[in-house]
Amino acid sequence: GQGACWQGVRPACGGGGDSSPPPPAPTPSATLSLSAASGSVTAGGSTTVTANIARAGGFTGAVTIASTGAPAGVTVTGGTIDPGATSLTVTIATTAGATTGAANLNITATSTSVTIAPATYALTVNPAPGATLALSSGTASVTTGGSTTATATITRTGGFAGAVTIAATGAP
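Okay, so let's go over this structure. Because the structure is a prediction, the values reported are computed rather than measured.

1. Considering the overall build of the chain
Thought 1: Along the backbone of the chain there are one helix and eleven strands.
Thought 2: Buried positions account for 20% of the 172 residues belonging to the chain.
Thought 3: Accessible surface computed for the chain: about 10800 Å², of which carbon and sulfur atoms make up 54%.

Below, the structure is given as C-alpha cells:
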C-alpha cells in the first residue's frame, strides 16, 4: 500500500509520474553586433558595415536599424531586418564637405517586442585629396617694361601629391 507510493512508485498510486511544474518559457531577446567596430571613408565617398542580430528565446520579430550621432555631411542609411532574418547592410555616405575627423556613430536596433542594446561604430572621415593656392600678395604694381614677383604657396590636403600648374590670367 501506502509505503510503495512514498518510495518513488507514483504511477502505482495514480499520480501519473513527476508532478514538478514545467520549466518557464524562454524569454525572447536579441543582441546587435557590427561586422566591424570602426572604419574610415574619404569625404565624398561611402562605406558599409553589416548589422547582425543574434536572436534568442524564440524571438523572430522585425528589427529596425538606424543611427544617431552622425556629424554634418554624413548620412547613415539603415533599414529593417525582416522577421527571422539576421543581418542588414548599413550604408554610411559622406558629402565632399563632410566634417572631417573621428566620430562615434550610435547604431540602434529597435523592435516592438524586445529591447536591444545599441552598438558603436567609430567612423573617421578623411579629407578629400586637393590643394589650395595662396599668394604672398593679392595685388602688385609694375611699370611698363618692368616686372614684379609674388610667392605662390601650395598646400596639399587629403594625401594629394600630384603636380600643380600655376598660370596667370586676366592681365591687361
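2. Things to note about the nonpolar core
Thought 1: Counting residues in each nonpolar core, the largest one holds 26 residues, and the members touching the most others are Leu32, Val63, Ile65, Tyr121 and Leu123.
Thought 2: Looking at this core, the elements with two or more residues in it are β1 (29–34), β3 (46–56), β4 (63–68), β7 (87–94), β8 (101–110) and β9 (119–126).
Thought 3: Counting residues per element, this core draws most heavily on β9, which supplies four residues.

3. Notes on the pairing of β3
Thought 1: As judged from the six bridges shared by β1 and β3, these two strands associate in the antiparallel manner. Across the sheet, Ser29 pairs through a bridge with Ala56, a residue of β3.
Thought 2: Note that β3 and β7 share seven bridges and pair antiparallel. Of the residues in β7, the one forming a bridge with Thr47 is Ile92.

4. Re the sheet that holds strand β6 (residues 79–81)
Thought 1: Ordered in space as β2-β9-β8-β4-β6, the five strands form an open sheet in which the pairing is mixed. Unpaired on one side and paired on the other, β2 (38–42) and β6 mark the two borders of the sheet. Adjacent strand axes in the sheet meet at a mean angle of 30 degrees, parallel and antiparallel pairs treated alike.
Thought 2: Bridging between β2 and β9 involves five bridges; their strand directions are parallel. Residue pairing for β9: Thr42 is matched across the bridge by Asn126.

5. Considerations on the sheet that holds β1
Thought 1: Strand order across the open sheet formed by four strands is β1-β3-β7-β5, with antiparallel pairing between neighbours. The sheet is open, and its two edges are formed by β1 and β5 (74–77), each paired on a single side. Ignoring which end each strand starts from, the neighbouring axes of this sheet average 20 degrees apart.

6. Concerning the side chain of Ser111
Thought 1: Of note, Ser111 is situated in the loop between β8 and β9.
Thought 2: What makes Ser111 buried here is its relative accessible area of 17%.
Thought 3: Reaching out from Ser111, the side chain makes a polar contact with the backbone oxygen of Ala62 at a distance of 3.3 Å.
Thought 4: Every residue in contact with Ser111, bar those within four places of it in the chain, is listed here: Phe59, Ala62, Val63 and Ile116.

7. Some words on the environment of Val90
Thought 1: Mapped onto the fold, Val90 is located in strand β7.
Thought 2: A C-alpha to C-alpha distance of 5.5 Å links Val90 and Thr48, two positions 42 residues apart in sequence.
Thought 3: What Val90 contacts, discounting residues up to four positions off in sequence, is Thr47, Thr48, Val49, Ala51, Ile65, Val76 and Thr77.

8. Some remarks on a nonpolar patch on the surface
Thought 1: A grouping of Leu133, Leu135, Val164 and Ile166 is seen on the molecular surface, where their side chains present a nonpolar patch of about 360 Å² in accessible area.
Thought 2: Here Leu133 is to be found in strand β10 (residues 130–135).

Cut-offs applied
- Sequence positions are assigned chain by chain, starting from 1 and proceeding in written order.
- With pLDDT at 70 or above as the cut-off, local features in this predicted model cover only qualifying residues; side-chain atom pairs require 80 or more to be listed or tallied, and sums for whole chains, interfaces and linings still use all residues.
- Neither water nor hydrogens contribute to the side-chain values; these are computed over all heavy atoms in the structure.
- For helices the rule is a DSSP run of H or I covering at least 4 residues; for strands it is a run of E covering at least 2, with both sets numbered from the N terminus onward.
- When a residue's accessible area, from a 1.4 Å probe over protein chains only, is under 20% of the maximum for its type it is buried; when over 50% it is exposed; and in between it is partly exposed.
- Every accessible area reported is derived by Shrake-Rupley at a probe size of 1.4 Å, with residue values counting cover from the shown protein chains alone.
- Take the buried Ala, Val, Leu, Ile, Met, Phe, Trp, Tyr and Cys residues and link them wherever side-chain atoms come within 4.5 Å; each set so joined is a nonpolar core.
- When DSSP finds two or more bridges between two strands, those strands count as paired.
- Helix axes are fitted only over the stretch in contact, all axes being lines through C-alpha atoms; the angle between N-to-C directions runs from 0 to 180 degrees.
- In the analysis that follows, any N or O atom pair within 3.5 Å is treated as a polar contact, provided that within protein one partner can donate a hydrogen and the other can accept it, and provided that, for residues neighboring in sequence, both atoms belong to side chains.
- Two residues qualify as a contact provided that any one of their heavy atoms is within 4.5 Å of a heavy atom in the partner residue.
- For patch building, the residue pool is restricted to those with more than 30% relative accessible area and no salt bridge; the joining distance is 9 Å between like charges and 5 Å between nonpolar side chains (Val, Leu, Ile, Met, Phe, Trp, Tyr).
- For this document, the term salt bridge refers to a Lys or Arg side-chain nitrogen within 4 Å of an Asp or Glu carboxyl oxygen.

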